[in-house]
Amino acid sequence: MSRQVSCKCSSTQAPVVAVDMAKYKEAFSRRMAMAGLKPHHRVAIGVSGGPDSMALCVLTAHWKAQDFDAKCDSGGFIDGLLAIIVDHGLRAESKEEANTVSNRVSKMGIRSHIACCDWPYGHPKQGHLQEAARDMRYEIFQKICIQNRIGVLLIAHHADDQAELFVLRLSRNSGVLGLAGMPFTSQIFSTHTHSYAEVSGNYGILVVRPLLDLSKEDMYEMCEGSNQVWVEDPTNQSLLYARNRIRMSLRDSASSAFKLELQAVISACRKTRIYIDYICSNLISKAVTVMDLGYAVIDLEILNESKIEDICLSKFIALVLKFISQRNRPIRGSTSKLLLDYMHTLPCKTSLTAAGCYLSPTPGSRGMKALVCSSVDCPLPSKMESSHLHFQAEQENCTSDEIEKIIADGKSYADSLIPDASDVHFLEGTSESVLTAARNLGMLSESTLSNILLLQKEEIQNFKSKSKVAADYKSEHGVKSVSTSRSKPLHPGEICCFMNRFFVTWKLSEEVPENATSEEANSDGVLEGQSRGCCRSCVFGHDMMVEVRNMTEPDWLYLANLSKSRTSENFQEQRHSLDSRVEQTEEKTNECPDYARLSAQRALVSLKSIPLAARRGLPVLVNSQGLLLSIPSIGFKHCPCLMVSATFKPKVPLGGGHSSFI
């Protein structure tokens, strides 16, 4: 029976093998329940048209039909179910294939959405193709889910995918956390936000992989048992890609005993990761304080008293640093060791820059606490520096609450599976120690261990350095420092996502209270009292645009000098002496200089309570000539008619969001 094109193209004389679909449907329902999902929930499916995703469509459609209240829309499609088909546009026949797949899932009663990839920098290079295609695919998944108010995405990864990933990461010298493979459920958060309403939820998309316990053979069986046709991507046969090479090696040499033993090791790695995540979650709740100005304080005494294993401590500090920097990058090698040594030092007396963050002793703590701030000097992709969003007064939907409830239900099940320390055997963490411990525990036979080491050796030999590809990609995508680079002009009503951490917006009020002072401003920057026409030329000129950058030391000096100004004339002289580039406007007002002086005085009081290192991460607004207009985080405004806010709202929450490795 040929499986290259279709499960229907076998010889007419081939025997028809009965497939027990009931067992697959029951297993699928159990896994969905473990994830906290019920048939009435709205879900999307990532569909490529291969046997894996087609099998997932079959199971999901049946599972949805179990809901007695399930309805079909006017087109006959199952309500609350959407197949997302991504046409990467990398092959001539991809468009036709996408349409074919859409027709096939439609016959199952599943509505589909075909999304075509837009490659703004051109098609990715060969060595970077699969990684770039994957990133693009998940970006599209998230965007379409948000547009359709769907919070759950099903992906058809299975046990054979986990085995391939295990060997791949083994060849890259990953530790036990990497060898645990893909999580059963996890949250992903988009780096591309299109409206503030999306940010207000901040729930991410819940990715569920309900087929991880099933094999590739199971996928074929389900397609055959449900009379479904599938397509095969020819690039899956190319030996240029590591996953394909490993897949073929496993297919050619792996016995059933080998597969069972390998899955046992992966399961043990997952159990270890569950334990480590549990320890880290407890540590974060006890030892980390997050400030609404974008920095965190770690209580080193609590860490020292906890006496946790180094692998747990390394994961803990990595989670904190990823949250503060909002960079989803692994922390490995010498950097990880440097951070581990830093956490072990008590009292803390030195400073350190690592993984996009600046660490130093917290002022007044005598080295018993560590300050973690975002380092504005670390390079980040420019696309993550800031993005401009149009404020949309969209009606709040229930997606966020629904996802929280689903996660809570799934977590209640996962919490019952947290192992005791005595049942966790891979806490040394390295790939070598994992294999050695697995052999000593009887999980791996000598023959299976030899085969794994042979696969690892072969892939290490095949592995080619990606440094040139990474350098090309870096130059194409414009990686640069965000320390002093200016964002695009921010118009009134737009929202700037600054450094993936602050959402900044501004506008001008048409009216301002008479004799306004900064003491009369409430916490939202709304001034109360009798109003009159406001002045704009004093700080904005005629362009009516601002730019957002991070705070610098001259800003502090500017506030200090401004707070001492007493008259409009002194105020104008101060502006000129601080920045000779500022063009003085002809119109002058009496209120703004006094307002700015009082606002600066109050801002200086607030700044004194903020550690110096943390100030550098605060967003400030400047006009087109570079004059400081506002530091919204500390309440400074140059003019009473300026309405501005900066909300610390990281896209990815502390801990990286929900994940479960059951």
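Thresholds, definitions, all that
Residues numbered from 1 in each chain as written. Predicted model: local features only at pLDDT ≥ 70, side-chain atom pairs only at ≥ 80, totals over all residues. Heavy atoms only, no water. Helix = DSSP H or I, 4+ residues; strand = E, 2+ residues; numbered from the N terminus. Buried < 20%, exposed > 50% of the residue type's maximum accessible area, 1.4 Å probe, protein only. Contact = heavy atoms within 4.5 Å. Areas by Shrake-Rupley, 256 points an atom, 1.4 Å probe, with all protein chains shown as cover. 1 Å grid on protein atoms, 1.4 Å probe; cavity = no way out; pocket = protein on both sides within 12 Å on 5 of 7 lines; lining within 4 Å. Points joined across faces, edges and corners; volume = space filled by probe spheres on them. Nonpolar A, V, L, I, M, F, W, Y, C, P; charged D, E, K, R; others polar. Core = buried A, V, L, I, M, F, W, Y, C linked by side-chain atoms within 4.5 Å. pLDDT = per-residue confidence, 0-100. Pairing = 2+ DSSP bridges. Axes fitted to C-alpha atoms, helices over the stretch in contact; angles between N-to-C directions. Disulfide = S-S within 2.5 Å. Salt bridge = Lys/Arg side-chain N within 4 Å of Asp/Glu carboxyl O. Phe/Tyr/Trp six-rings, centres within 6.5 Å; stacked < 30°, edge-to-face > 60°.

Q: When you look at the overall build of the protein chain in this model, what are you seeing that I'm missing?
A: On a plain count of helices and strands, the protein chain comes out with 21 helices and 24 strands. Sorting the 662 residues of the protein chain into buried and exposed places 52% on the buried side. A sequence separation of at least 24 residues applies to 74% of the contacts in the protein chain between residues at least 6 apart. Accessible area for the protein chain stands at about 31,300 Å²; split by element, carbon and sulfur atoms hold 50% of it.

Q: I would appreciate a short explanation of empty space enclosed by the protein in the present structure.
A: To find leftover empty space, one rolls a probe the size of a water molecule over the atoms. Applying the stated criterion across every chain, the model contains three cavities of 30 Å³ or more. Each pocket or cavity is described by its volume, and for the second largest cavity that value is around 40 Å³. For the second largest cavity, the full set of lining residues is M34, A35, F184, T185, L206, G410, H658, S660 and I662. Here the lining of the second largest cavity is built from residues that sort into five nonpolar, four polar and no charged.

Q: For this particular structure, what's the right way to read the nonpolar core?
A: For soluble globular proteins, nonpolar side chains are generally found buried alongside one another. Among the nonpolar cores identified, the biggest contains 164 residues, and F166, I298, F316 and L559 are the most heavily contacted of them. For this core, the leading source of residues is helix α10 (residues 256–287), giving 14 residues. Leave out the neighbours within four places in its chain, and F166 touches L179, L262, V265, I266, C269 and L435. Counting 20 residues, the second-largest nonpolar core is a separate cluster that includes A44, L82, I144 and L153.

Q: Before we go on, may I ask you to explain the confidence of the model for the protein chain in this structure?
A: A low pLDDT means the predicted coordinates there should not be read in detail. Considering every residue of the protein chain, the mean pLDDT works out to 82; 78% of them sit at 70 or more. The model gives residues 381–397 a pLDDT under 50, and that stretch makes 55 contacts with residues more than four places away or in other chains. This model gives residues 465–485 a pLDDT under 50, and the stretch forms 32 contacts once residues within four places in sequence are excluded.

Q: Would you take a moment to explain the sheet that holds strand β22 (residues 636–637) for this structure?
A: Backbone hydrogen bonds are what pair the strands of a sheet, in a parallel or an antiparallel way. Taken in spatial order, the four strands make up an open sheet running β19-β20-β21-β22, and their pairing is antiparallel. Either end of the sheet is taken by a strand with one partner, and the two such strands are β19 (547–550) and β22. Direction of pairing for strand β20 (residues 619–622) relative to strand β21 (residues 628–631): antiparallel, over a ladder of two bridges. By the bridge assignment, L621 is partnered in β21 with S630. Contacts from helix α18 (residues 553–562) reach β19, β20, β21 and β22 within the one sheet, and its direction differs from that of β21 by about 100°.

Q: Help me understand helix α15 (residues 431–440) in this model?
A: Turn by turn, an α-helix covers 3.6 residues, leaving residues three or four places apart pointing in a common direction. Turning to α15, its buried residues are S431, S433, V434, L435, A437 and A438. Of the surrounding secondary structure, the elements contacted by the buried residues of α15 are α5 (159–171), α6 (176–179), α10 and α16 (446–462). Looking one or two residues past α15, G442 carries a phi angle of roughly 85°, positive in sign.

Q: Help me out: how do you make sense of the state of the cysteines in this one?
A: A covalent bond between the sulfur atoms of two cysteines is what we call a disulfide. Tallying each qualifying case throughout the model produces zero disulfides. The closest cysteine sulfur to the non-disulfide-bonded C373 is located on C357, 8.3 Å from its own sulfur. For C373, a relative accessible area of 2% puts it in the buried group.

Q: Help me out: how do you make sense of the pattern of salt bridges in this one?
A: Charged atoms that come close allow side chains of opposite charge to pair. Counted by the stated rule, this structure contains 17 salt bridges. The partner of D409 in a salt bridge is K38, and the shortest N-O contact between them spans 3.8 Å. With a gap of 371 residues between them, D409 in helix α14 (residues 399–415) and K38 in the loop between α1 (21–34) and β1 (43–47) connect regions that are remote in the sequence. Given the relative accessible area of 39%, K38 is considered partly exposed. In this structure, K405 engages D409 in a salt bridge whose closest nitrogen and oxygen atoms are separated by 2.8 Å. Of this pair, K405 and D409 both sit in helix α14, four residues apart, which is roughly one turn of the helix.

Q: For this particular structure, what's the right way to read the pairing of strand β2 (residues 81–87)?
A: Successive side chains on a regular strand alternate, one facing one side of the sheet and the next facing the other. With seven of seven residues buried, β2 is to be regarded as a mostly interior element. Judged by which residues are buried, β2 turns out to be covered on both faces: L81, A83, I85 and D87 on one side and L82, I84 and V86 on the other are all buried. Relative to β2, β1 runs parallel, the two sharing five bridges. The partner of G46 across the bridge, within β2, is I84.

Q: Where do I start with the sheet that holds β2 in this structure?
A: The mixed open sheet is built from seven strands, whose spatial order is β3-β2-β1-β4-β6-β5-β24. Strands at the two margins of the open sheet, each flanked by one partner only, are β3 (111–116) and β24 (659–660). Where β2 and β3 come together, six bridges link them in parallel fashion. The residue bridging I85 from the neighbouring strand is I114, located in β3.

Q: Honestly, the packing of aromatic side chains in this entry has me stumped. Any pointers?
A: When we look at a pair of aromatic rings, we describe it by the centre distance and by the angle of the planes. Counting across every chain of the model gives five aromatic pairs. On the numbers, 6.3 Å between centres and 80° between planes, the contact of F28 with W63 is edge-to-face. Of this pair, F28 sits in helix α1 while W63 sits in helix α2 (residues 51–65), placing them 35 residues apart in sequence. By the burial criterion, F28 is buried, and W63 matches it. Aromatic pair Y138 and F141: ring centres 5.6 Å apart, planes at 80°, arrangement edge-to-face.

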